Amino acid sequence: MQWRTIHTCTRGLDSASNVWIPLINSGLLADFGLITTHGMATWGQVIVVFLSFVRQGDASGSSFHMTRLLKEIFEDTGYSTIVRPSSNYSEALDVSVEIVFNSILNLDLKKQIMRSTGFFRVQWKDELLQWEPEKFGGMSEIIIPQNKVWHPDVAFYNTVEEKRYPGTAQTLVAVYHTGMVYWAPAFTLDTACKFDVTKYPFDSNICSIRVFSWMNDNTSVKLAFGKVPVNFALVLENGEYKVQAESSLKNVMLAERTQLFYDELVFRVKLTRRPGYFILSLLMPVMLLAIMCSTSFLLAPDEQDKLTVAITVLLSFTVFLGVIDQDMPETSDNISLLVVYVSCMLAVGFICVLGNVIVIKCDRWESKKKEAKAIENDVSSNNGLSMITATERKDNHMLPRFTERNNQSDVLITESDKMSDQSTHGNGDNGSQTETVKCHRPKLSNVLNRIFFLMNLTIVLSLTILMWVLMLK
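Residues numbered from 1 in each chain as written. Predicted model: local features only at pLDDT ≥ 70, side-chain atom pairs only at ≥ 80, totals over all residues. Heavy atoms only, no water.

Caption draft 1: Seen up close, a nonpolar patch on the surface. Taken together, the side chains of Ile82, Val83, Tyr89 and Leu128 present a nonpolar region at the surface, about 410 Å² in accessible area. Looking at the secondary structure, you find Ile82 in the loop between helix H3 (63-76) and strand E3 (93-108). (Patch = residues over 30% accessible without salt bridge, like charges linked within 9 Å, V, L, I, M, F, W, Y side chains within 5 Å. Areas by Shrake-Rupley, 256 points an atom, 1.4 Å probe, with all protein chains shown as cover. Salt bridge = Lys/Arg side-chain N within 4 Å of Asp/Glu carboxyl O. Helix = DSSP H or I, 4+ residues; strand = E, 2+ residues; numbered from the N terminus.)

Caption draft 2: Layout of the packing of aromatic side chains. Summed over all chains, the structure comprises 17 aromatic pairs. Ring geometry for Trp124 and Trp183: centres 6.3 Å apart, planes at 85°, overall edge-to-face. In this pair, Trp124 sits in strand E4 (residues 113-125) while Trp183 sits in strand E8 (residues 180-183), placing the two residues 59 residues apart along the sequence. Take Trp183: its relative accessible area is 2%, and that puts it in the buried class. Between Phe212 and Trp214, the aromatic rings sit 5.5 Å apart at their centres with planes inclined by 45°, giving tilted as the arrangement. (Phe/Tyr/Trp six-rings, centres within 6.5 Å; stacked < 30°, edge-to-face > 60°. Buried < 20%, exposed > 50% of the residue type's maximum accessible area, 1.4 Å probe, protein only.)

Caption draft 3: Local environment of the pattern of salt bridges. With the rule as written, the count across this model stands at 10 salt bridges. Residue Arg121 pairs with Glu98 through a salt bridge whose shortest N-O separation is 3.9 Å. Placement of Arg121 in strand E4 and of Glu98 in strand E3 is noted, with a sequence separation of 23 residues between them. Accessibility expressed as a relative area gives 27% for Arg121, which makes it partly exposed.

Caption draft 4: Layout of the state of the cysteines. Tallying each qualifying case throughout the model produces 2 disulfides. Each disulfide pairs two cysteine sulfurs, and for Cys193 the partner residue is Cys207, the sulfurs being separated by 1.9 Å. Residues Cys193 and Cys207 share a disulfide whose torsion about the S-S bond is about -85°; that sign makes it left-handed. Residue Cys193 is found in the loop between strand E9 (186-192) and strand E10 (204-213), and its partner Cys207 is found in strand E10; the two are separated by 14 residues along the sequence. There is no split in this pair, since Cys193 and Cys207 are both buried. Linked covalently through their sulfurs, Cys293 and Cys352 form a disulfide whose S-S length is 2.3 Å. One end of the pair, Cys293, is in helix H4 (residues 276-295); the other, Cys352, is in helix H6 (residues 337-398), with 59 residues separating them in the sequence. (Disulfide = S-S within 2.5 Å.)

Caption draft 5: Focus on the nonpolar core. Ranked by size, the top nonpolar core spans 79 residues in total, and within it Phe120, Ile142, Val175, Ile209 and Leu338 carry the most contacts. Ranked by size, the runner-up nonpolar core spans 5 residues in total, among them Val100, Phe119, Ala186 and Leu234. (Core = buried A, V, L, I, M, F, W, Y, C linked by side-chain atoms within 4.5 Å.)

Caption draft 6: A look at the packing of H4 against helix H8 (residues 444-472). Viewed as axis vectors pointing N to C, H4 and H8 meet at an angle of 160°, and their least axial separation amounts to 8 Å. By the angle between their directions, the pair H4 and H8 is classed as roughly antiparallel. Judged by the twist between their axes, the crossing of H4 over H8 is left-handed. Together, Leu283, Met287, Ala290, Ile291, Ser294 and Thr295 of H4 and Phe453, Asn456, Leu457, Val460, Thr464, Met467 and Trp468 of H8 make up the contact between the two elements. Residues that form the contact of H4 with H8 fall into these classes: 9 nonpolar, 4 polar and no charged. (Axes fitted to C-alpha atoms, helices over the stretch in contact; angles between N-to-C directions. Parallel < 35°, antiparallel > 145°, perpendicular 65-115°, else oblique. Left-handed = near helix turned anticlockwise from the far one by under 90°. Contact = heavy atoms within 4.5 Å. Nonpolar A, V, L, I, M, F, W, Y, C, P; charged D, E, K, R; others polar.)

Structural data, given as structure tokens:
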């Protein structure tokens, strides 16, 4: 950040305005996420950032006063940046810390990393940097680089980057005549965050940025929260997550080697996923595929395409399982209910394929059995006709022997023949009735088709309802 002096004042447009105007370079705006697609920041966002830095005071003096002031408080007093600026070393130096988020750039579920941008507001009192404004033309505040003054060794505890300390050589601090120092280092930070994806995509996670004093224990530097520990006044709305501030925590850590206690500040953020997109693109297709797998049993047993439908649905489940696996962390601590559901649907798809194979094989077996029976009946009928023809030929050959019988015996033979014919016709009718009953009996393949349909549909509906209940619980 660079600062521009208007006229001869160290800050402000004139003596009546009592404000200074910062010039923010494009690098800082990029850190804050305020650079648009055209490379420019919107005026509303820049003004908000300005207001977060503006301090009130008497703005007067000149470059001469500024030079004399810097010489007196730094060179003449032998000021050292490695000396803790406290007159009484028996008391710890109080340092207040706030964090102002600008945006949550990304949440990597697989690597369990949260990427965020913003800046800190750090404040403490430097008793070695005090002066009387009247002696320096009414100058009550100066803006200098951070490496010119002592600042607490605040470090990020849970960062996954090599850089652990906030701020750079170009970061500035504001020093007031009372000794109060204001430090606002910007950051783009990747921090480790343990995600609970059990209810994905209806999950809600709490991520944190942990800050602590790296070498100074709490008898030297005591960290505390500012008025608003986690500030979302400048945060940009995230389309995937709803961002909220959670209660921050202060921990005291014990160093085993030195047996000293160190303060740690935990700034917590609650991230609640917006599930609308995932319901339409993930949950609905999986449920429809599960129902489609059951409907394959509505096709006739002799329909060959029913097996093709079941296999296609099974492969579709494997594709969806692969898509979900791309985002899920490779951990067994908590497994997503959605992964369990899709895996169960994969098993249901396998049952659909197996059931359709059984139905088709049973239908073919019944068809072959029916064909074999029909051939057997045809052979029996042909054999019967051959026997009847042979008998008729034999009767015709023996007919002259019976011509000498009397008329009474002929009548008896005729009546017995009629009775045998009637009995034969009666047996024929009973046989046809029996065959009719057998034709109306349901085929085994049709029965299995219905059983598999009801079984698969019941399993799919039960698992789907159970999944929704557990996710929304």
